[in-house]
Each structure stands twice: as structure tokens, then as C-alpha cells.
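In case you want the letters, here they are:
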Amino acid sequence: MYCKLAIVGLEQRARAVLLPYEKRSALQIEQWQACLLEGERLVVYDAPIALYLADWLARYVQKTVRKEVGSRTGTRDQLQRYQHVITQQLVAAGKRLPGHWVAYESIAGMLGSSNVMKAGKEFEGIDSVDSFHSHQYKDSIGSLHHSPPPINECHQNNQRIQALQQHITSLLQGRKLLYDEWLSLGAQQVSENKEQLLAAFRYAVLQGSIKLRSAVQLVKLSGKRPLLRCLRCYETELTESEHHCPFCGEHCYYCKTCLQMGRARTCSVVVMGHYRSPTTDAPNIHPPSRVLDLEAFGLSDAQQMATTKALTFVHQRLTTRRLPQSIRAASTTLSRQFLLWAVTGAGKTEMIFPLVAYMTKLGGRVLLATPRRDVVLELAPRLRKAFPELSIATLYGGSEERWQHGQLIIATTHQLMRFHQAFDLVIIDELDAFPYHGDERLYRVAEQCSTKHGVRLLLSATPPAYLQRELNKGRLAYVKLPVRYHRHPLPVPIRLKTPLIAEQLKKRTLPSALIQALHSSLKDDAQVFIFLQRIAHTEAYAALLRASFPHVSIQATSSQDAQRAEKVIAFRNRDIRILVTTTILERGVTVPRSHVYICDAEAELFDEASLVQMAGRAGRSGDAPNGAVYFLSQQWNEAQRKAVKQIKSMNELASDLGYLLPQYRSKRQGVWRK
């Protein structure tokens, strides 16, 4: 799409806006003019400009003029000042263009004019904005079109459109959608016809309640190549299309990273709605103790301790922002993130209930983000039962609720790309898991989802190393929950020295130490997880186990198994006794009376976090809290040592804090096996 830059507003209060249109059609200025309020003026640059460049210009002049108004008396005509700054930047862009034409020729049109090269060369002789206005190419690049204010009858007829504008503004609160997605949302949620919908949309754009941006931003217009960035996922390595774009006719750039969410191009529009938090205007933010009855949530003493600290942090964050800037700048409570470091099986889901209740009682919006769709589907009924009064929506690929609004949103990671400053509390579950782990773009997406003064609550049993460094330096607020809800210690892994799985499969024999341990687990009536590092080995290893245990039900599953969900259910129901699997089941699966065997534990794939998570499948139920965990390996490496050290340190901390059951407090040595 192309765009015409426009300035709209009153003399003392104006703003730059984008008026996008497809290359194959013309921009109808009259349609936009009809949406002006009385007394407003619309100044349009007639020359077509590539959308991503127009977006860059609009952001630049908006920032420049706002800074000038803030430092002056504010009596200067803002409309005239906007025109001056825009013209100045068009001159600068044109003067830069000839020297970099080879670098720019494949990007969507630059200034979009057929005279751009000729005009660019002529710009070399222009030294000022004044000389630009008298230049012969002024009309092809920067001529102005002044729209008169709308006639009274037109303004009166727009009253229904204004009411519709308020509705779509509400629908778009905090949303960040491609133009086609916005049309889909409007068609589903608004009963009016498309013409009325678009008229209300134009009205919202001109009044500033909706912003239009380029899906791919121009970050920097200098050097041999312009720096581009996807506005949705913040990727900077973009791909040039091989064919002419049907919308702009150019070889535009697009983002491959978030392609599954729709194509973000240099010529595609992103529609952004503004969300204003009710907590911003609230005269008083009551502390959690005045809003909640924490006892009603049925938490253990340890869970209450951790939840209270998280609630206190949220309250401090909400109240500190009201202090003067000089005090806020020096305050350590200004950190927007709080880490809840809780061992596997600690009951993190139950602990977030009071946080959801507190924020929603204040009128705020909450996002619960989790890496996997199955977790979204599991959490939704639990949260709907706990909060029947709340509007709750679930968002994931293929969700039928993707355009619904809710005070509580439960979403998979990638759905966060469709929001911007939309939530007062963002809860990120399993931040150390794929796809969060190691992807800085998704961390930034999560940051952009929270409001300017919002809070992010990070949940993890195995926080990444960089977060542990931050909390050790005192830069990150956190709380450690070292005990499970049943107050038994975590099972400490036992090492069994065994050959590699590949060698066992080659010789078609199981090590005697493994066979003996499995007999012991089955005698204890345990459900047995056997974790392998390679999907290709799962079925073959299950067959090898069946040969040694012919009367035991043994199955294999992995991420490539279409029947994985059914097998997990059968395993939980004890129809399967031994399940050979991969790290696909290292999280989010609770099976009573489980024992865990991690084969090739020295493998590079199994880092400290992965080993702790897999070990965490054992001992989760109160009726069998002492499930066994085995590390099967040829070598005892650093990851295994760190995993055992972390588990032991959590047990020791739980004992020191008095959270373990009385029978364990004087038996450290016997319970935490070396």
C-alpha cells in the first residue's frame, strides 16, 4: 500500500496521520474530510509516499513538534510547524536518495513517485526549505492539499458514525492487528455494513483513538542500507519478495519470523488501538489486604508467603508511579518484573489466583501467557470456575475466541504479537521453555504487551542463568518457594552408570542396573517415565523393554506421535505402566506415583533446567511423594551436578524455613541422598 501524509487538528493542537490506500486505487480525500470535527483542518501531501517511509516521517515529526511545544510557550501554529518539519525531512530524504539509489531500488518505491530519481538529483542543489518551495519539482514531491472543514449537515449525519467509532475503539483497545485482521474483527463484532464500518474507522484515525503504522518500520534512513524492523515480532532480518507485490507493485520486504500470523510487509498497515488502564485514574489503590481474603484461596503457608510477596510488589508498583519523577527514578520498586521461583509441583497455578483477583478487582486487565496450546485448554476451565464473574477469552492458533475481549486473557506465546500495552498484569508461565527460551524477540513482545506502568510476573522452576544473575545482583525482585504443596522434600536423583542408548540398541541388551531398578519401581506400583534424547530411539527402546518385561504394558510417544494425548491419558489411568518419551513431556504433565529414568543424562540436549524439569515429574502426588529419580549415564557431567545441587538446595531451604513436614526436619542426611 501507499500512503499520503496528512496533518489534522486545530491550530494549537495538531498531529500527523497516515492515509493509506492501494496503488491500484486513488485516495478519496472527501471520505476523510467528512470525518473532521467542526473547526478542524486537514492538510494532505498530495505526493504518494511508500507506507513505511510515511510512517517514519510521521513518527519523526510527531516527536519533533511535541518536543518543541513542550519547551516553548505553545502559542505557535502547530499546523504550520508540522508542514515545515515534514517538508524539511522530504528535502533531506531526497538529497540522500541519489547516493544510495542502488541500495534503495528494491525497496517499496521510497517516495513512490515516478519522478523520484530526477527529483532526487535536483535536490542536490537545494540548500533550504525556502528554496524547495520555489523549486520546479515541488508539485511532484510535496505539494499540499488543504481540506476545508466539513459542512454542518455532514457533521450532523456523522453522529451515528461517531457512536460506531466508539464501539470499534473499544474493540481495538490494546490490539495490534494487520489491516485484514482488523476487517475480520469488524465483520464479526459489528453489525453495520462495511461502508459504515470504514467511515467509523476513518473517524477514529483522524481523532487519534486508533493509530495506523507500517507493519515493517524504517528504523534508520542512513548508511548503505536502511534498517528495517518488523513491528509485530521485532525481527530485523527481513526478506525481499521475489515477485512484485500485488498491493504496492514493488519488491517489498516482509518478515518470515512471524509469517504464520499473517504477512507483515513494508507496504502493509498495522492498526493499533489505545488501552487506558482504570488504575491510572483511580484516586486510591487499596492494598491487597483490603481487597482480598487470602485465606479463602486455600493456600499452604509457603504458598501464602510467596503470593503475599508478589501481591505486595504489584501494589508497590501501582502506587510508586504516582510519586514525583525524582523519587521514582531512585526507587528500587520501579522494576516491572517479579520472579516467582517455585519448585516443580509447588502449585504455581493456584498461587496466581489471588493476583488475578486483585488486579481485576481494581478494574485492570490480566494476561496469562503459556508456551503450549494444551496448557491454555487445561487452564481455561479452572479459571472460569474460579472466576465466574470475569469475562475470559482463550487465544491460540485456530481459537474461535480470538476476537473476543476479556478482562482475563489466556494465550499462547505467539498470540502476544497481536497486543500492544494492553494489560496491567502479564503473567508469563514457563519462561525458560520453548519458544521463550533464547528468543529475545519474544521477550520484547511480552514487554510490549504490558502497559507503561504494568507488572510482569515471571513463573519458573528453573529460571534462565541471566535472570539468576540479575536477582543475585539485586536488580530483580523475586521470591523462592522451595517446597511442594504436600510439604515433602523433592526426590534427589540417583546416578546409575549405564551404556549409551545407541549402544544398548545395537547390542539389543539392557544393563542389569536398569533392569533391577525397573523391577523395584514396578514392585512399588509406580508409573515409570523413561526419557530419551532422540525421537528415533523411542519405539526401538520400547520394543527392547517389552522383551525384558513381557507382562508389562509399555508404549512410546514423542512430538511426532499423533496419538500422544491418548497415550498420556492411558498412562495417567494406569493402562500403560512404562512410557518411553522425550522432553516433550518434561513439563505440564502430572501422573500420580511416578518414577523417572533419564537415559543418556550426560547428553548435550539435557541441560540443568531440563534435568530438573524431568526429575520434577516424580513425587508430585501427596499419596506417593517420594518417587524415585535416576540419572542413567556413562559420565557424571556439570549439568547433572548442578541439577542435583539445585534440588538439594531447595530441600535445605525448605527445611530451614520450616516448610517441610516435622518428620523431615531432623533427617536431612537420610532423605537427601548423595
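Analysis parameters
One numbering rule holds for all chains: residues counted from 1, following each sequence as written. Reporting of local features is limited, given that this is a predicted model, to residues whose pLDDT is at least 70; pairs of side-chain atoms are given and counted only at 80 or more, and all residues count toward the totals for whole chains, interfaces and linings. To get the side-chain values, all heavy atoms of the structure are used, and hydrogens and water are removed first. To qualify as a helix, a DSSP run of H or I must reach at least 4 residues; to qualify as a strand, a run of E must reach at least 2; elements of each kind are numbered from the N terminus. Relative accessibility decides the category of a residue: with a 1.4 Å probe and only protein chains considered, values under 20% of the type maximum give buried, values over 50% give exposed, and everything between is partly exposed. The criterion used for residue contact is that any of the two residues' heavy atoms lie within 4.5 Å. Accessibility throughout is a Shrake-Rupley quantity obtained with a 1.4 Å probe, and a residue counts as covered only by protein chains that appear here. The rule for pairing is simple: two strands pair if DSSP sees at least two bridges between them. Angles run from 0 to 180 degrees between N-to-C directions of axes, and those axes are lines fitted to C-alpha atoms, restricted for helices to the stretch in contact. Method remark: on a 1 Å grid restricted to protein atoms, a set of points is classed as a cavity if a 1.4 Å probe fits but cannot get out and as a pocket if it is open with protein on both sides within 12 Å along at least five of seven lines; lining residues have an atom within 4 Å of a point. Grid points are joined across faces, edges and corners, and a volume is the space filled by probe spheres set on the points. We count a salt bridge whenever a side-chain nitrogen from Lys or Arg sits within 4 Å of a carboxyl oxygen from Asp or Glu. Roughly parallel means an angle under 35 degrees; roughly antiparallel, over 145; roughly perpendicular, 65 to 115; everything else is oblique. Throughout, a crossing is termed right-handed when the near helix is turned clockwise from the far one, and left-handed when it is turned anticlockwise from it by less than a right angle. Asp, Glu, Lys and Arg are counted as charged, while Ala, Val, Leu, Ile, Met, Phe, Trp, Tyr, Cys and Pro are counted as nonpolar; the rest, among them Gly, fall into the polar class. We call Phe, Tyr and Trp rings a pair once their centres come within 6.5 Å, taking the six-membered ring for Trp, and we label the pair stacked below 30 degrees between planes, edge-to-face above 60, and tilted otherwise. Geometrically, a lysine NZ or arginine CZ counts as sitting over a ring once it is within 6 Å of the ring centre and also within 35 degrees of the ring normal.

1. Overview of the overall build of the protein
Then comes step 1: When you go through the protein residue by residue, the secondary structure sums to 26 helices and 25 strands.
Then comes step 2: Per-residue burial over the protein gives 56% buried out of 674 residues.
Then comes step 3: Pairs at least 24 residues apart make up 73% of the contacts formed inside the protein by residues separated by at least 6 positions.
Then comes step 4: Of the roughly 29,900 Å² of accessible surface on the protein, 48% is carried by carbon and sulfur atoms.

2. Points about unusual backbone geometry
Then comes step 1: One non-glycine residue, arginine 508, lies in positive phi territory at about 55°.
Then comes step 2: When its relative accessible area of 56% is taken as the criterion, arginine 508 is described as exposed.
Then comes step 3: Unusually for a residue other than glycine, arginine 593 sits at a positive phi of about 60°.
Then comes step 4: Take arginine 593: it is sitting in the loop between strand 23 (578-581) and strand 24 (594-599).

3. Considering the sheet that holds strand 21 (residues 527-531)
Then comes step 1: If you trace the six strands from one edge of the open sheet to the other, you get 20-25-24-21-23-22, paired in parallel fashion. Each end of this open sheet is capped by a strand with a single partner; those strands are strand 20 (494-497) and strand 22 (554-556). Between one strand and the next, the sheet's axes are offset by a mean angle of 20°, whatever the strand orientation.
Then comes step 2: Examined bridge by bridge, strand 20 and strand 25 (residues 629-633) share four bridges and lie parallel to one another. Counterpart to arginine 495 in the pairing with strand 25 is phenylalanine 631.
Then comes step 3: Relative to the sheet, helix 23 (residues 564-572) contacts strand 21, strand 22 and strand 23, its axis offset from that of strand 21 by approximately 140°.

4. Notes on empty space enclosed by the protein
Then comes step 1: Tallying each qualifying case throughout the model produces three cavities of 30 Å³ or more.
Then comes step 2: As a volume, the second largest cavity reaches approximately 50 Å³.
Then comes step 3: In this structure, the second largest cavity is lined by Trp341, Val343, Thr344, Ala461, Leu490, Val612, Gln646, Ile647 and Met650.
Then comes step 4: Sort the elements by how many residues they give to the lining of the second largest cavity and helix 25 (residues 638-656) lands first, with three residues.

5. What about the pairing of strand 13 (residues 337-342)?
Then comes step 1: With five of six residues buried, strand 13 is to be regarded as a mostly interior element.
Then comes step 2: Pairing analysis gives five bridges linking strand 13 to strand 19 (residues 477-481), with the strands arranged parallel. For tryptophan 341, the partnering residue across the bridge sits in strand 19 and is lysine 480.

6. Description of the side chain of glutamine 217
Then comes step 1: By the secondary structure assignment, glutamine 217 is in strand 8 (residues 216-220).
Then comes step 2: Ignoring anything within four residues of it in the chain, the contact list for glutamine 217 reads Asp55, Arg59, Leu227, Leu228, Arg229 and Leu231.

7. Comments concerning the pattern of salt bridges
Then comes step 1: Following the criterion strictly, the structure yields 14 salt bridges and no others.
Then comes step 2: Taking the shortest distance from any N to any O, the salt bridge between glutamate 401 and arginine 384 comes out at 3.3 Å. Taken as a pair, glutamate 401 in the loop between strand 15 (392-395) and strand 16 (408-412) and arginine 384 in helix 17 (residues 373-386) lie far apart in primary sequence, 17 residues in all.
Then comes step 3: Of the residues examined, arginine 384 reaches a relative accessible area of 34% and is grouped as partly exposed.
Then comes step 4: With its nearest N and O atoms 3.6 Å apart, the salt bridge here joins arginine 475 to glutamate 470.
Then comes step 5: On the accessibility criterion, arginine 475 (53% relative accessible area) is exposed.
Then comes step 6: For glutamate 470, a relative accessible area of 26% translates into the label partly exposed.
Then comes step 7: What emerges from the salt-bridge pattern is a single network uniting Asp55, Arg59 and Arg213.

8. Considering the packing of helix 16 (residues 348-361) against helix 17
Then comes step 1: Where helix 16 contacts helix 17, the two axes come as close as 12 Å, and the packing angle between them is 40°. Looking at the two axes, helix 16 sits oblique to helix 17. Judged by the twist between their axes, the crossing of helix 16 over helix 17 is right-handed. Across the interface between the two elements, Thr349, Glu350 and Phe353 from helix 16 touch Leu379, Arg382, Leu383 and Ala386 from helix 17.
Then comes step 2: Residues that form the contact of helix 16 with helix 17 fall into these classes: four nonpolar, one polar and two charged.

9. Concerning the packing of aromatic side chains
Then comes step 1: The full count for this structure, using the stated rule, is 10 aromatic pairs.
Then comes step 2: A centroid spacing of 5.2 Å and a plane angle of 20° characterise the contact between tryptophan 182 and phenylalanine 201, whose relative ring orientation is stacked. Note that tryptophan 182 is positioned in helix 10 (residues 179-189) and phenylalanine 201 in helix 11 (residues 194-207), a separation of 19 residues in sequence.
Then comes step 3: Phenylalanine 201 sits in the buried class, given a relative accessible area of 4%.
Then comes step 4: Residues tyrosine 443 and tyrosine 466 carry aromatic rings whose centres are separated by 5.9 Å and whose planes lie at 80° to one another, so their mutual orientation is edge-to-face. Residue tyrosine 443 is located in helix 18 (residues 440-449), and its partner tyrosine 466 is located in helix 19 (residues 465-472); the two are separated by 23 residues in the primary sequence.
Then comes step 5: Overall, the relative accessible area of 35% leaves tyrosine 466 in the partly exposed class.
Then comes step 6: A connected cluster of aromatic rings, assembled from ring pairs, spans Tyr179, Trp182 and Phe201.
Then comes step 7: Against the face of tyrosine 254 rests arginine 263, its NZ or CZ located 4.1 Å from the ring centre.

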